[in-house]
Amino acid sequence: MSSSIYCQNDVPDVTSTFALTNANVVVRPGSTLKNTTVIIKDGYIQQVGSNLSIPFDAEVIKADSMFIYAGFIAGLSHIGLNKEEDKTDDNEKVKRYDPPPAAAGITPDVSVTEMLDSKQKLIEGYRKEGFTLAHVVPKGRMMAGKGSLIFLSGDSPAEMLLLEDMSLYGSLLASKGRVYPSTTIGVMSKWRELYKQAELASQHEKKFMANPKGMERPTYDKSIKSLYVVTSKSIPVFFDAPKTLDLSRAMTLQKELGFDMVAANTKQAYKTIDRLKQNNMPVVISLELPKAAKDEKKKDEKKDEKKGDEKKDDELEGGENVAKIERTKDGMKKKEDPEMKALKERANKSKKEYEAQAANLEQDGIAFSFSVTDTKAGDVKKNIMRMIKSGLSEDAALAALTTNPAQVLGLQQVAGTVEKGKFANLIVTDTTYFNENANIRYVFVDGKKHEFEVKEKKKQKEGDPDAVVDLAGTWTVMISADGMDIGGTIEMEKSGDDYTGSMTTDMSDKTEFDTVEVDGNNVTIKMTTEMNGGQAPVVVDIVVDDEEFEGSVNIANGMMTADVTGSKDPN
Amino acid sequence: MGMSLSAQQGDVLIKNGTVITITDGVKENTDVLIRNGKIKQIGEGLSVGDDVKVIDADGMYVMPGIIDAHSHVGIDVVNEATAPVTAEVFVGDVINPYSVPIYRALAGGVSVSHAMHGSANAIGGQCETIKHHYGEEDPTTYQMKDAPRTIKFALGENPMRVHGEGNGIQPKTRMGIEQVFRKAFAEGQEYQNAWKKYNSGGAQVAPEYNLRKQTLADILNGDIIIHCHSYRADEILMLMDVLGDYGVNKICFQHVNEGFKVAPELAAFGATASVFADWWAYKFEVYYSTAYNAAILTKNGVVTSINSDSGELIRHLYHEAGKSQKYGDLTDNEALRLITLNPAIQLGIDDKVGSLEVGKDGDVAVFNNHPLSIYAVPQYTIVDGIVRFDINEDPDDMRLDINPDESFPAFHELNAHDEHRCMEGVYEFLFHQH
């Protein structure tokens, strides 16, 4: 917290002391203390225990039955970086065979500290998911630049920065502009050459500084110079290696050149476990997963349902010798054949292998952290749960989010657990984090509180079976889903004891109702609408209160749901 | 999949076949025993314990695994086409053990191939001789141990088009290509001399490290065999001239379609030749060719092989070899040498493969008919004593690594691997406007 004598009316925080009382404190994975209080002050954890005396100036947060975890740490990310201009020169004058280093993706001198933006959206996005610290690296090609450690809070880059230039982020990505090196083989030989050049240049510089008389002076090359910390093994290389072959090729370079390497953003590390173990190489796995197999399965089941109706037509025509292409109401369609089915099964099997990467590493005793460079903040919880469903234990998942990254990033003395003396980086959830419906209520970063509201699920109004309603007329309706509001009109006519009618909305044409069921003031309207080239059932379930109603809309058997409200037009 | 895919060296007994040794005649009703990946015994009535797999080759023909001296199968990158000299790059860095064309090559009886850089550059990258250990996921297991280093050179239209036309730099003409070689060798010499001086204490500061020049120095020192893509007689003679000036003599000319015109000169230089059986007229420089090329070169004493340079041709090299009997009347042994011992010599691995001799690697191809017969179909292909292809255990989907986000198009696209890959990665350069 900064103080100033400018005597402006900037409002400081009321207090920097907090007491979270009577909670389940997960000190570290596998060690939970019940009915425990955590007191934090000035950005540090002061005390963890039961029956503590609460400091007079503490803001007390009653955390009964809540869970407190150490704040999550991202092992690799691009959080907090402002939009960079594309540094690669597409200038035609660039010599393809001898481009400037930036065009070739050789920018190890770039430091992420110059690109930090305290207002960048991802900071809040990941903080909401429980992240408090992150290893941030620049975006780039074969040698993107140096990474730093940041707090996910702060009003300025200076406040965010914890440790600068503590890693080199590298990859096998070739140049963007088709200049040398434009392929993986070019990149690998360039890595070798730059590394050896840096080793020799570093020796030369030392010799020259010791005794320059009569000695050829070193040439100044900022890319080479910025590699001295890598060749001297002062900092590690986080080598981006998503697929098995990327990792294998990176490890080949590491074996030849000898730099300290962390296998970063892996998606298939389970295939190279032996070599990882041999080299005692730390692993940061990708939190990104392929699209789940069951979403595909739902689509297939729908297709099969449709085909069920169509098949009957085929059988009438010839049984075994039917053509592979059939005429349907949506046009000519290919029938799914057994080869396709087998290919899809193998693809699904592969998806499962990717989901089980974390579980496999745990089984083989390899500690890992997470990379979020290609993951959306909103997918973090979802993907962790998918990994747990595939066999990862909760303790290992928590370790990957806390103690393991603290270890890999050299922060084990100040972060990763809920212990006295460590940074006040905490997550408070209303139930165990690993419950699908858990909500994060508070996140403390660097001792500052961030509070999150819990979205209440809208309760359906209870219906009254004895009420009498008159639906006839024109109603103005509003359908809301996913932040989108769609307006529309419902026309209802009474004929005898039944109602008929139709609905028109901003997004659909006039659709006649199939059925209208009335039970007191509970009304259920069923209709069918055109969607994605097929027919989808729509069910509107509402409770009518005189000239207003509210309820929900269910489209295509639960594929989409929305809230709906309506009011009768006065005529 | 029914194969044992974990070990890299195996034991197998091939019983009772007609064994074509290449170096010791044809032996009927003979067994070949492979132990720990090496040929242990060739003889009649051999027996083994229950731990060894036995293949009944009765009525079948047993020959050494076929060797393809010019291939791009199993590598992810073929051309680093941004500079006319890229000696430092190495295709061995991008071996892809998941590449299905490797399996298809095995189905064609090929156990070893020379994975090459493409022909976009006058001096291209280093190549790698690989063993087709399909099933192994670690790419380093594909490297053939102790195989000599090789490098790709290219003469003619390809480097002229990519760099001269495409980028406006030398080489634009054949005389330009000659100067690219001379300059590159001169720089390699200069580099070597500078390091020699520093290492012997003659200089205080080490010269700047340059991997490209270092590789050129290695070529000058005879550490690397040159494999040169070539067609016309004039450029073939030119390169021999240049090499003579720099004291380099380890060279195998590839394609060398006009080799028949300069066969005596090739033989005198000690150059070898790796040719197509009957593929020409696809470019103007390949216009003047003959199907008798392999035979003429052979009869003039040039060590000659037939290669595929194609993921399609590699599947029937035995038929390609057979063509030299129609066009040139080569004997059975001469024809089969074109795809076994001769390519082994050209790759410097003839002490390990290329014939069935005790002590050599257990690389064997088993056919249902004589391999030079049009009715030949490979039945088993064995690499280092492991059955890597068995026609009776050949599932439809032989992929080892599936992309989980794979899409399923309604039709299967033509696999790029089946086409001529020599200019892969280069077309964008040619059609990109400047």
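Further up the page is the structure itself.
Notes on the structure in this doc start here. (Residues numbered from 1 in each chain as written. Chains lettered and ligands numbered in written order. Predicted model: local features only at pLDDT ≥ 70, side-chain atom pairs only at ≥ 80, totals over all residues.)

So, on to the overall build of chain A. Regarding its fold elements, chain A presents 14 helices and 26 strands. Taken across its 571 residues, chain A has 38% of its residues classed as buried. Within chain A, residue pairs in contact and separated by at least 24 positions form 61% of the contacts whose partners lie at least 6 positions apart. (Helix = DSSP H or I, 4+ residues; strand = E, 2+ residues; numbered from the N terminus. Buried ≥ 20, exposed ≤ 12 C-beta atoms within 10 Å, placed from the backbone. Contact = placed C-beta atoms within 7 Å.)

Residues and elements named next belong to chain B. At their nearest, the axes of helix H3 (residues 174-199) and helix H4 (residues 211-220) sit 8 Å apart, and the two run at 95° to each other. Overall, the two elements H3 and H4 adopt an arrangement that is roughly perpendicular. In contact with Ala-184, Phe-185, Glu-187, Gly-188, Gln-189, Tyr-191 and Gln-192 of H3, H4 contributes Lys-213, Gln-214, Leu-216, Ala-217, Ile-219 and Leu-220. The residue makeup of the contact of H3 with H4, split by class, is seven nonpolar, four polar and two charged. (Axes fitted to C-alpha atoms, helices over the stretch in contact; angles between N-to-C directions. Parallel < 35°, antiparallel > 145°, perpendicular 65-115°, else oblique. Nonpolar A, V, L, I, M, F, W, Y, C, P; charged D, E, K, R; others polar.)

On to the environment of Ala-81 of chain B. All names here are of chain B. Within the fold, Ala-81 resides in the loop between strand E6 (66-71) and helix H1 (100-106). The exposure class of Ala-81 is buried, given the 34 C-beta atoms found within 10 Å. When the C-alpha positions of Ala-81 and Gly-49 are compared, they lie 54 Å apart, and in sequence the two are 32 residues distant.

A separate point is the interface of chain A and chain B. Across the boundary between the two partners, chain A contributes 40 residues, which contact 34 residues of chain B. With 11 residues, the top contributor of residues to the side of chain A that touches chain B is helix H4 (residues 184-210) of chain A. Residues that form the side of chain A that touches chain B fall into these classes: 15 nonpolar, 11 polar and 14 charged.

Spacing of three or four residues puts side chains on the same side of an α-helix, whose turn is 3.6 residues. Residues and elements named next belong to chain A. Between its terminal C-alpha atoms helix H7 (residues 244-257) stretches 20 Å, which fits the 20 Å expected from 14 residues at 1.5 Å a residue. For H7, the set of buried residues is Thr-244, Leu-245, Asp-246, Leu-247, Ser-248, Arg-249, Ala-250, Met-251 and Leu-253. Positioned one or two residues after H7, Gly-258 has a phi angle of 90°, which is positive. (Expected span 1.5 Å × (residues − 1).)

Take the pairing of strand E5 (residues 67-70) of chain A next. Residues and elements named next belong to chain A. Burial along E5 is two-sided: the face carrying Phe-67 and Tyr-69 and the face carrying Ile-68 and Ala-70 are both buried. One ladder, built from four bridges, connects E5 with strand E16 (residues 426-429); its direction is antiparallel. Across the sheet, residue Phe-67 finds its bridge partner in E16, namely Thr-429. (Pairing = 2+ DSSP bridges.)

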